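Here's the letter readout for the chains.
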Amino acid sequence: MLGQLGDGAKLLAGGQSLIPLLKLRFASPDHLIDVNFIPDTSFIKEESGALCFGAMTRHAEVENSDLAKKIPVLHDCAAGIADVQVRNRGTIGGSLAEADPSGDWANALITLDTTIHCLGPNGARSISLKNFIKDAYTTDLAHDELVTEVEGKLPPKSSGGAYLAFKRTAPVYPSASAAVQLTLVGDVCQEAAIALGCVGLTAIRATEAESALSGKTLDDKTIATAAEAARAAADPQTDRRGSAEYKRALVGALVKRAIQIAARRARGEQVEGVHLYA
Ligand SMILES: Cc1cc2nc3c(=O)[nH]c(=O)nc-3n(C[C@H](O)[C@H](O)[C@H](O)COP(=O)(O)OP(=O)(O)OC[C@H]3O[C@@H](n4cnc5c(N)ncnc54)[C@H](O)[C@@H]3O)c2cc1C
């Protein structure tokens, strides 16, 4: 139908981004194609070392999934998106396709070596999340393609993750967020993935912060160095959620806390990772 109707047609998934845009007259597509009735598009399954989510899987389904709890960075992310109403309708595929710079999913998933599976008139193709999101509100999808599945690689056993966002209230987007995935061998951090959200046009991989941890003993000094490097990597803009400087300070604090929670989880501790509210 996307192919037949041309680029005046849009898919309607959970409607939690598209419907507000229609109400504000920021979008006025000629046709809406409701994909809510297509069977087998909502699922969570473990397959060859990865966790796979159907594009229509709701945030609440991820939040309540025992399988997804195996990857706490994803469970933390799902459980903190807006409020229960939005989580019951919004979908993981819709969120990635929207590529809102403040959206949570891309930031959490980019720490996991995630692949996006797409389908169009020319067949199926797969693309890394890193290459899928091109810019703010811009993805690699052609107008006649859709996202079918999101595949996040399962981290190794000695790995732990955390996703923390700072919000003014529950039903708003975060002012800043941090996703961390660490693999530990004893007290040494073998591998680190750190991503920052809401402080750039897309989620930012804080590579200098990752290097500050990789191969090092995880102590207060290395954590402080990584948090400082993350602050430097952020590229925030001043808006109603805070000044650029305020958001930069938030990033440092969130990354530090997320590293601490991720490390405790990597050591096998059960830690509740909760978002922080003003
Ligand atoms: C009050 C409020 C607060 C919110 N707070 C947050 C928050 O804190 N964090 C957060 O991450 N999000 C937040 N959201 C957004 C929410 O997570 C949305 O669910 C999500 O961004 C879009 O998913 P959707 O399924 O609702 O997509 P829709 O709104 O239906 O669609 C969004 C866009 O994606 C396209 N699309 C949908 N599905 C596909 C697909 N399978 N393939 C290709 N294109 C597709 C649509 O055509 C449309 O252009 C909030 C929303 C509201 C209303």
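Since we're looking at a predicted model, the values are computed, not measured. (Residues numbered from 1 in each chain as written. Predicted model: local features only at pLDDT ≥ 70, side-chain atom pairs only at ≥ 80, totals over all residues. Heavy atoms only, no water.)

### Description of the site of the ligand
Around the ligand lies a shell of 30 residues, among which Leu11, Gln16, Leu18, Thr91 and Asp104 are the nearest. The contact in question runs from an oxygen atom of the ligand to an N or O atom on the side chain of Lys167, over 3.2 Å. In this structure, Tyr173 approaches the ligand through a side-chain N or O atom, which is 3.0 Å from a nitrogen atom. Secondary structure elements with two or more residues in the shell around the ligand: strand S1 (9–12), helix H7 (92–98) and strand S9 (146–153). Broken down by element, the shell around the ligand gets its largest block of residues, 4 residues, from H7. When grouped by side-chain class, the residues that make up the shell around the ligand number 16 nonpolar, 10 polar and 4 charged. (Near = heavy atom within 4 Å. Polar contact = N/O pair within 3.5 Å; in protein donor to acceptor, adjacent residues only side chain to side chain. Helix = DSSP H or I, 4+ residues; strand = E, 2+ residues; numbered from the N terminus. Nonpolar A, V, L, I, M, F, W, Y, C, P; charged D, E, K, R; others polar.)

### Thoughts on the sheet that holds strand S4 (residues 50–54)
An order of S3-S4-S9-S5-S6 is seen for the 5 strands of this open sheet, with the pairing classed as antiparallel. Whereas interior strands pair on both sides, the edge strands pair on one side only; in this sheet they are strand S3 (44–47) and strand S6 (123–128). For this sheet, the mean angle separating the axes of adjacent strands, direction not counted, is 25 degrees. Two strands pair when backbone bridges link them, and strand S5 (residues 114–120) and S6 are joined in this way by 6 bridges, in the antiparallel orientation. Bridging from a neighbouring strand, Cys118 pairs with Arg125 of S6. (Pairing = 2+ DSSP bridges. Axes fitted to C-alpha atoms, helices over the stretch in contact; angles between N-to-C directions.)

### A word on the packing of aromatic side chains
Overall, the coordinates contain 0 aromatic pairs when judged by the stated rule. Looking at Lys45, its charged tip hangs above the ring of Phe43, at a distance of 4.5 Å from the centre. (Phe/Tyr/Trp six-rings, centres within 6.5 Å; stacked < 30°, edge-to-face > 60°. Lys NZ or Arg CZ within 6 Å of the ring centre and 35° of its normal.)

### Side note on the layout of surface pockets
Considered as a void within the structure, the second largest pocket measures approximately 700 Å³ in volume. If you go around the second largest pocket, you meet 26 residues; those closest to its centre are Lys69, Lys70, Pro72, Arg265 and Gln270. Those elements that place two or more of their residues in the lining of the second largest pocket are helix H5 (72–80), strand S10 (159–167) and helix H12 (244–266). Take the lining of the second largest pocket: its biggest share by element is 5 residues, from H5. (1 Å grid on protein atoms, 1.4 Å probe; cavity = no way out; pocket = protein on both sides within 12 Å on 5 of 7 lines; lining within 4 Å. Points joined across faces, edges and corners; volume = space filled by probe spheres on them.)

### A few points about empty space enclosed by the protein
If you roll a probe as big as a water molecule over the atoms, it shows you where there is empty space left. Considering all chains together, one arrives at 1 cavity of 30 Å³ or more under this definition. Quantified by volume, the largest cavity comes out at close to 120 Å³. If you go around the largest cavity, you meet 15 residues; those closest to its centre are Asp100, Pro101, Gly103, Ala106 and Ile133. Contributing elements (two or more residues each) for the lining of the largest cavity: H7 and helix H8 (105–109). Looking at the lining of the largest cavity, the element that brings in the most residues is H8, giving 3 residues.

### Points about the pattern of salt bridges
This structure, assessed with the given rule, holds 15 salt bridges. For the salt bridge of Lys69 with Asp66, the shortest nitrogen-to-oxygen distance reads 3.9 Å. Here Lys69 and its partner Asp66 are both found in helix H4 (residues 66–69), 3 residues apart, which amounts to about one turn of the helix. Taking relative accessible area as the criterion, Asp66 reaches 61% and is therefore assigned exposed. A salt bridge links Glu228 to Arg231; the shortest N-O distance between them is 3.4 Å. With Glu228 and Arg231 both in helix H11 (residues 220–233) and 3 residues apart, the pair spans about one turn of that helix. Note on Glu228: relative accessible area 45%, which makes it partly exposed. Its relative accessible area of 26% is what places Arg231 among the partly exposed residues. Look at the salt bridges and you will find they share partners, linking Arg125, Lys134, Asp140 and Glu145 into a network. (Salt bridge = Lys/Arg side-chain N within 4 Å of Asp/Glu carboxyl O. Buried < 20%, exposed > 50% of the residue type's maximum accessible area, 1.4 Å probe, protein only.)

### Observations concerning the sheet that holds strand S13 (residues 204–205)
Read from one edge to the other, the open sheet built from 5 strands follows the order S13-S12-S11-S10-S14, with strand pairing classed as mixed. Edge strands, defined here as strands with exactly one partner in the open sheet, are S13 and strand S14 (276–277). Bridge count between strand S12 (residues 188–197) and S13: 2 bridges; the pairing is antiparallel. Note on S13: the bridge partner recorded for Leu196 is Ile204. On top of the sheet, H5 reaches S10 and strand S11 (176–185); it is set at about 20 degrees to S10, its chief contact. (Contact = heavy atoms within 4.5 Å.)

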